[in-house]
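# Breakdown of the fold
Below, each chain spelled out in residue letters.
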Amino acid sequence: MERFAVIGAGFGDEGKGKVVSYLCQRPGSRLVYRFCGGHQAAHRVVLDNGRHHVFSNFGSGTLQGVPTFWSKHCTIDPVGIMNELTDLVSKGTEPRLTIHQDCPVTTPFDKIYNVNSSQYIRNGSCGVGFGATLQREQDFHSILAEDLVHQIPLKIKVDLLKKYYRDIPSEHAINEFMRACRSIISSPYIEIVRSEIFLGWETIIFEGSQGLLLDQNIGFFPHVTRANTGITNIPCKDVPVYLVTRAYQTRHGNGPMTNEGMHDHIYNHAYEQNNDHGHQGAFRISMLDIDLLKYAVDKSGIHKHLITLCVTCIDLMKQFLFTDKGSVVSCKNETEFVNYICHALQIKRALISRTPTPEMEEIKIT
């Protein structure tokens, strides 16, 4: 049996979906296991045949027929699940989603509060109710996946949220949420279970969300996500980690970011798929910072001998530049670029990606 974890090294948008898709090409029975974050993820996958999708509520192996398990550490969005399910089915897939009964459920109340909260906007938010859901759970206004099967008690809990929140969604939004909850229970593609799933799978790929520099215990508070984005929630020990970074820094929305405005001519903007959209705010890029990568790896507690460094979007680089100890370092080619990073991080294996499809090439570390 094989186990792998895919974890972002930075502030998100590193290319985790692409790496998960790459690992899903392995033979035998495979499962993608989401272990942190929730529906605020946006993991883009492009297959060789041109099929593509941005995954938020399903694992990034879905287009390849790989089922998804949603662990209790992740939030679920019933409306988002059903909308994405419809989209995936229209693309000719048969998505399979198994949800742990203890997953917190995001409601329209959580979403509208996230969107209207000046604190969330200032600190950085995707605007989909993730942080508000976890805060509500801590305040004992709990709605879990197992509650979806009990429609009358569920409606009582939803009605009580009108007293908890000052921002009230429309009646249409509430009705849409209740319909989505009923649809999840009756869907042949979705199952809610009481326990973790491990037996019977030859390969399990633990798919992370966000990045280490957004981890609630590693990142720069208050500009963090309310989740453990490292190995904390992975229920297996000594899992090989595919640590993902772009060949440059990225960040969506507010929060600290080094090297911003420095040498942005190293990067080919014309091929960027991200943009300034939604409530996250501006999509920001800057030169890669080796000191931030070192910090993230050291704080994460991941054993370095277990790490394979995955450098994505290397084809977008015009010049191979980064900073180390505050000084700009120039490399003559991608091999020297990746070798320098691996030596700095004390990592002995690396893969690079030159295309959005699930193809990766190993770089020899000398």
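In what follows, the structure referred to is the one given above.
Residues numbered from 1 in each chain as written. Predicted model: local features only at pLDDT ≥ 70, side-chain atom pairs only at ≥ 80, totals over all residues. Heavy atoms only, no water.

Turning next to the sheet that holds strand β12 (residues 288-289). Pairing within the open sheet is mixed, and its 3 strands lie in the order β12-β14-β15. With one partner strand each, in any of the chains shown, β12 and β15 (327-331) form the two edges of the open sheet. Across the sheet, helix α9 (residues 334-345) lies against β12, β14 (320-324) and β15, angled at about 20° from β14, the strand it touches most. (Pairing = 2+ DSSP bridges. Helix = DSSP H or I, 4+ residues; strand = E, 2+ residues; numbered from the N terminus. Contact = heavy atoms within 4.5 Å. Axes fitted to C-alpha atoms, helices over the stretch in contact; angles between N-to-C directions.)

The next point concerns the pattern of salt bridges. Taken as a whole, this structure holds 17 salt bridges when the rule is applied. Here Arg284 and Glu260 are joined by a salt bridge, their closest N and O atoms 2.8 Å apart. Within this pair, whereas Arg284 is found in strand β11 (residues 283-286), its partner Glu260 is found in the loop between β10 (249-252) and β11, the two being separated by 24 residues in sequence. Among the ionic pairs, Arg349 bridges to Glu362, the shortest N-O distance being 3.3 Å. Taken as a pair, Arg349 in the loop between α9 and β16 (350-352) and Glu362 in strand β17 (residues 361-363) lie far apart in primary sequence, 13 residues in all. With a relative accessible area of 27%, Arg349 lands in the partly exposed category. (Salt bridge = Lys/Arg side-chain N within 4 Å of Asp/Glu carboxyl O. Buried < 20%, exposed > 50% of the residue type's maximum accessible area, 1.4 Å probe, protein only.)

Over the atoms rolls a probe the size of a water molecule, and its path tells where empty space is left. Under the defined criterion, the tally for this structure stands at 1 cavity of 30 Å³ or more. Of the volumes computed, that of the largest cavity is approximately 110 Å³. In terms of lining, the largest cavity is formed by 14 residues, of which the most central are Gly10, Phe11, Thr245, Gln249 and Leu288. Elements that contribute at least two residues to the lining of the largest cavity include exactly β9 (241-246), β10, β12 and α8 (290-300). Of the residues contributing to the lining of the largest cavity, the split by class is 6 nonpolar, 5 polar and 3 charged. (1 Å grid on protein atoms, 1.4 Å probe; cavity = no way out; pocket = protein on both sides within 12 Å on 5 of 7 lines; lining within 4 Å. Points joined across faces, edges and corners; volume = space filled by probe spheres on them. Nonpolar A, V, L, I, M, F, W, Y, C, P; charged D, E, K, R; others polar.)

Interpretation note: all reported values are geometric properties and have no functional meaning in isolation.
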